[in-house]
Amino acid sequence: MKIQALALITALVLPTLAIADNKTPGANTSDKTADKPTKLSEGDVTIISHVHHVNQLEIDVGKAALKSGTESVKSYGNMLVSDHQSADKDLAALAKKHGLTTIPAEKPQTDEAKQEQKDTTKQVAHLKTLKGAEFDREFLAMMVTDHDKEVARIETSIGTASDPDLRTLLTSIKPVLQRHADEARNLQKNPQTSATQPTNPPTNR
């Protein structure tokens, strides 16, 4: 009888101990670690800051085109605003996923980069004083030069970025920038023809 009682107690206790073992701290640590996004490297944050700066700049000049350009350039400006708003939204989502809740402002690392940023600020300010065909001419020249430059930078960044999500996003952005450069060239050759389909101007956000 005692043997039967002991066997019954053992049968009841062993499952309880097994459950307790499964609840010990660290039992699922590897699973949680695997799901946790990796922190972005300093180099990746620098890339993100630059792309964010470019997006904001293109949105700004795109809105200027909607205000001051001719009809074909307004259509192009609308495309700029839409594409760069979308790209910046994706960029912000990627940054947040990796723990970067606020994208830091771009900080030029060299004297050349600092001068380039000053020149661009001055160029945009001048652009906003122009109207019509005069605006179109300077705006399109700026778009060709700037987008060609950014395509080259994106190519370099794809090779240097350490985060795979960032590389994927940069790879998706590159053809968009190339299209912007190509369509700006097309408008320079054919001022009255837009390569984009006319759409309603985006509302200010």
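Computed from a prediction, not measured in an experiment: that's the story for all the values here.

## Quick notes on the overall build of the protein chain
Part 1 of the reasoning: Check the secondary structure of the protein chain and you find 7 helices and 0 strands.
Part 2 of the reasoning: Starting at the N terminus and walking to the C terminus, you meet the elements of the protein chain as α-α-α-α-α-α-α.
Part 3 of the reasoning: In the protein chain, buried positions account for 34% of the 205 residues.
Part 4 of the reasoning: Long-range pairs, those at least 24 residues apart, make up 75% of the contacts in the protein chain between residues at least 6 apart in sequence.

## Concerning the packing of helix 6 (residues 132-160) against helix 7 (residues 164-189)
Two quantities define a packed helix pair, namely the angle between the axes and the distance from one axis to the other.
Part 1 of the reasoning: The N-to-C vectors of helix 6 and helix 7 enclose an angle of 160 degrees; their axes lie 8 Å apart at closest approach. The angle between the axes of helix 6 and helix 7 places the two elements in the roughly antiparallel class. As helix 6 packs across helix 7, the resulting crossing turns out to be left-handed.
Part 2 of the reasoning: For the contact of helix 6 with helix 7, the residue count by class is 13 nonpolar, 6 polar and 6 charged.

## Considerations on the packing of aromatic side chains
Part 1 of the reasoning: This model, assessed by the stated rule, comprises 2 aromatic pairs.
Part 2 of the reasoning: When the centroid spacing of 5.8 Å and the interplanar angle of 80 degrees are considered together, the rings of Y76 and F139 count as edge-to-face. Placement of Y76 in helix 4 (residues 71-97) and of F139 in helix 6 is noted, with a sequence separation of 63 residues between them. As far as burial versus exposure is concerned, Y76 and F139 are alike and both buried.
Part 3 of the reasoning: Ring centres of F135 and F139 lie 5.3 Å apart, and the angle between their planes is 15 degrees; this geometry places the pair in the stacked category. In this pair, F135 and F139 are both assigned in helix 6, 4 residues apart and thus about one turn of the helix distant.
Part 4 of the reasoning: When its relative accessible area of 0% is taken as the criterion, F135 is described as buried.

Conventions adopted
- Residues numbered from 1 in each chain as written.
- Predicted model: local features only at pLDDT ≥ 70, side-chain atom pairs only at ≥ 80, totals over all residues.
- Heavy atoms only, no water.
- Helix = DSSP H or I, 4+ residues; strand = E, 2+ residues; numbered from the N terminus.
- Buried < 20%, exposed > 50% of the residue type's maximum accessible area, 1.4 Å probe, protein only.
- Contact = heavy atoms within 4.5 Å.
- Axes fitted to C-alpha atoms, helices over the stretch in contact; angles between N-to-C directions.
- Parallel < 35°, antiparallel > 145°, perpendicular 65-115°, else oblique.
- Left-handed = near helix turned anticlockwise from the far one by under 90°.
- Nonpolar A, V, L, I, M, F, W, Y, C, P; charged D, E, K, R; others polar.
- Phe/Tyr/Trp six-rings, centres within 6.5 Å; stacked < 30°, edge-to-face > 60°.

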